[in-house]
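Reading the structure
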Amino acid sequence: MKKDLIVSIKDLAFGYAERQIHRKINMNFHRGKVVAIMGGSGCGKTTILRLIGGQIKPTSGQVEVDGKIVHEQGRKGIYELRRKMGMLFQHGALFSDLSVYENVAFPIREHTDLNEAVIKDLVLMKLNAVGLRGAHNLMPTELSGGMARRVALARAVALDPDIIMYDEPFAGLDPISMGVICDLIRTLNDALGATSIIVTHDVTETFAFADYIYFIADGIVAAEGSPSDLKKSQLPFVKQFIYSEKDGPVPFHYQANEYISDLGL
Amino acid sequence: MLTFFENIGRGLRLKITRLGAATRLFFTIISYSSESFKRFNLTIREIYFTGVLSLIIIIVSAFFVGMVLGLQGYYTLQKYGSSEAIGVLVALALVRELGPVVTALLFAGRAGTAITAEIGLMKATEQLSAMEMMAVSPVARIVAPRFWAGIITMPLLASIFSMVGIIGGYVVAVPLIGVDEGAFWSQMQANVDFSYDIVNGFIKSLVFGIACTIIALFEGYDAPPTAEGVSRATTRTVVTSSLAVLGLDFVLTSFMLSV
Amino acid sequence: MDRIKLDAWVGIFVALGLIALMGLAMKVGNLTSNDIKTTYVVTANFENIGGLKPRAPVKSAGVVVGRVDSITFDTKIYEAIVTMSIDERYVFPKDTFANIYTAGLLGEQYIGLEAGGDPENLVAFDKISQTQDAVVLEKLISQFLYNQASKEEEEK
């Protein structure tokens, strides 16, 4: 019996020399769930994904993936953990010198010794799941933004990961592509029995399909709950975010002097 | 006035930090090399991009450099009545200096910038991050094969450069000017020493190969992940490689002449 | 580009490079003509070696028969000791004469060996006793001027 809790973040703090990003973050991700992390631009949402993936180390606190503390693992241990993860990058991050087919085949070739016929079947299956089996001969430059992201998604799930991470999966997509991606996240998650962690700031889409949502602001978890709970939330920040009000706890104006004095009046 | 010196100090500190980071990259590459040697076809692919694609520019420039050396050398040597020494002049100039140095400069401009731009772009589009997240080391998969390709390519290119340059010098000296063919080759053979001139030239090109490739790789790997960052890094590759090659050339030459 | 084509191109490139290197070694360098393999060492003392340098050729009748190995200075007799390796195929009598010559007016300096008539030959680590120093231009000029001056003196 696998543990239900697959990723847990405890008292995590992280910052660069000049700027503290996270002060104290606690999050739990359960198996089979689609969890969204939301927050304004620059609040360190993507950084959390990098911390889970072990690309950076926390200043204090810890990230536990599948019972192992990420920053205490050596290179081998981290690579071992990463093989359980798939990550979809904001712009897809497809390898520009490889074709769509080779991009999806890449993780399979790197980590398994399967023969070419099996690889071909696997790749075409994954591409079929995202609806792009017909595009396997194209180069990444020939794809539209939405298609590139679907290929990247096929690549991310090529090795059937336990955890799928999405970094801004909706950014810069037209409504149709957005709907396709939404649908894919849900179906892939349920088909693979995986856990999806989505970093985003698109309210409508996320509230429509996420199981649980974390709001980050000022380096802490400002609010959390299921979409229906959060909609009822009276927290001013959450309200401002959900109903996209221009002024609120997050001010419209960047810190400045008195307007009158700046104009020299 | 103080800020002037402060700026110098800050700039110097930055340069030294970067030198340290480049050195660390060098050792990281070495430590990952066994991993990438297991898949040598990756290195062969890079030899194609750095070596084969540089062949045209190397051969054409070598031919012209050799011809110019032949012409210039002839007009000076004939004043002293020793125009047969033209072969020696062309061969020594090419084998000892111009072969390795010009090849390295062309390499930095042709292959070095391509490496920097490619790696910088892969970084800017998160391809390297993606690779890392797929539990594939970008150093083993991307950086190390390019490093070894550069080291293998440079001495070969320099040898080709020297040989083609000598042929260029021969074309000008013998058929065009009319220097005696026998004298051309025999004087050359009498005065070019294999273990001294040719081996030293080879060592030079090997050192330049390491320097140019490491600089190109480091600049790409270290580039800020933006379009502007990558373009600046590409410029820096050419500038730094050229300076490094010329500086190292002086050091190596003085070292070789003193032995 | 498929794998085979790529390999072929790289193969051509590496072959070209190796051919060029071989060409440099054989046609340009003296790897083939330099057949001085086994040598024996002899020394010679000179009061003045001029501009002689290690690796300078040792010639006899214009043929290169060896090379200068090293040049040291002996503080007991205040003379330069030149060590040279001579090709084993060439033997020289004990009373061979060693001169320092200059190739051309301003060329590099080399050692010229002139065979004597001794029936015994030089063997390894022998010393050539009869030597002639390098011509130093300044000395020559000052000698000339001195002679001129003394001649004028006589004429008076």
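The rules we used
Residues numbered from 1 in each chain as written. Chains lettered and ligands numbered in written order. Predicted model: local features only at pLDDT ≥ 70, side-chain atom pairs only at ≥ 80, totals over all residues. Heavy atoms only, no water. Patch = residues over 30% accessible without salt bridge, like charges linked within 9 Å, V, L, I, M, F, W, Y side chains within 5 Å. Areas by Shrake-Rupley, 256 points an atom, 1.4 Å probe, with all protein chains shown as cover. Salt bridge = Lys/Arg side-chain N within 4 Å of Asp/Glu carboxyl O. Lys, Arg positive; Asp, Glu negative; His and termini not counted. Charge placed at Lys NZ, Arg CZ, Asp CG, Glu CD. Helix = DSSP H or I, 4+ residues; strand = E, 2+ residues; numbered from the N terminus. Buried < 20%, exposed > 50% of the residue type's maximum accessible area, 1.4 Å probe, protein only. Contact = heavy atoms within 4.5 Å. Domains from an automatic or database assignment. Buried area = accessible area lost by both parts, 1.4 Å probe. Polar contact = N/O pair within 3.5 Å; in protein donor to acceptor, adjacent residues only side chain to side chain. Nonpolar A, V, L, I, M, F, W, Y, C, P; charged D, E, K, R; others polar. Pairing = 2+ DSSP bridges. Axes fitted to C-alpha atoms, helices over the stretch in contact; angles between N-to-C directions. Core = buried A, V, L, I, M, F, W, Y, C linked by side-chain atoms within 4.5 Å.

Residue and element names in this part refer to chain C. A cluster of acidic residues, Glu152, Glu153, Glu154 and Glu155, forms a negative patch on the protein surface. Looking at the element boundaries, Glu154 is found in helix H2 (residues 137–155). Since its relative accessible area comes to 65%, Glu154 is described here as exposed.

Residue and element names in this part refer to chain C. Mapping Ser70 onto the fold places it in strand S3 (residues 63–74). Each C-alpha atom of the pair Ser70 and Ala44 lies 11 Å from the other, and the pair is 26 residues apart in sequence. Excluding its chain neighbours within four sequence positions, the residues that come into contact with Ser70 are Ile81, Val82 and Thr83.

All right, on to the domain arrangement of chain C then. If you check the domain split of chain C, you get domain 1 (1–32) and domain 2 (39–142). Taken over C-alpha atoms, the centre of domain 1 of chain C sits 42 Å from the centre of domain 2 of chain C.

Across the contact, 25 residues belong to chain C and 27 residues belong to chain B. Looking at the side of chain C facing chain B, the largest losses of area belong to Phe13, Leu24 and Val28 of chain C, adding up to 28% of the total buried there. For the interface between chain C and chain B, the tally reads zero residue pairs in polar contact (both at pLDDT 80 or more). In the side of chain C that touches chain B, the residues fall into 15 nonpolar, six polar and four charged.

All names here are of chain C. Sheet architecture is open: eight strands sit in the order S7-S1-S4-S3-S2-S6-S5-S8, paired in mixed fashion. The open sheet has two free edges, formed respectively by strand S7 (126–128) and strand S8 (130–132), since each of these has just one partner strand. Going across the sheet, the axis of each strand differs from the next one's by a mean of 30°, ignoring polarity. Judged from the eight bridges that link them, S3 and strand S4 (residues 79–87) form a sheet pairing that is antiparallel. Bridged to Arg67 within S4 is Ser85.

One finds Met27 and Ile52 of chain A to be the most contacted residues of the largest nonpolar core, which totals 58 residues. Tallying contributions element by element places helix H6 (residues 138–177) of chain B first for this core, with seven residues. In contact with Met27 of chain A, not counting residues within four places along its chain, are Val7, Ser8, Ile9, Ile37, Ile48, Tyr214, Ile216 and Val221 of chain A. Counting residues in hydrophobic clusters, the runner-up holds 50 residues, among them Ile86, Phe107 and Leu156 of chain B together with Phe13 of chain C.

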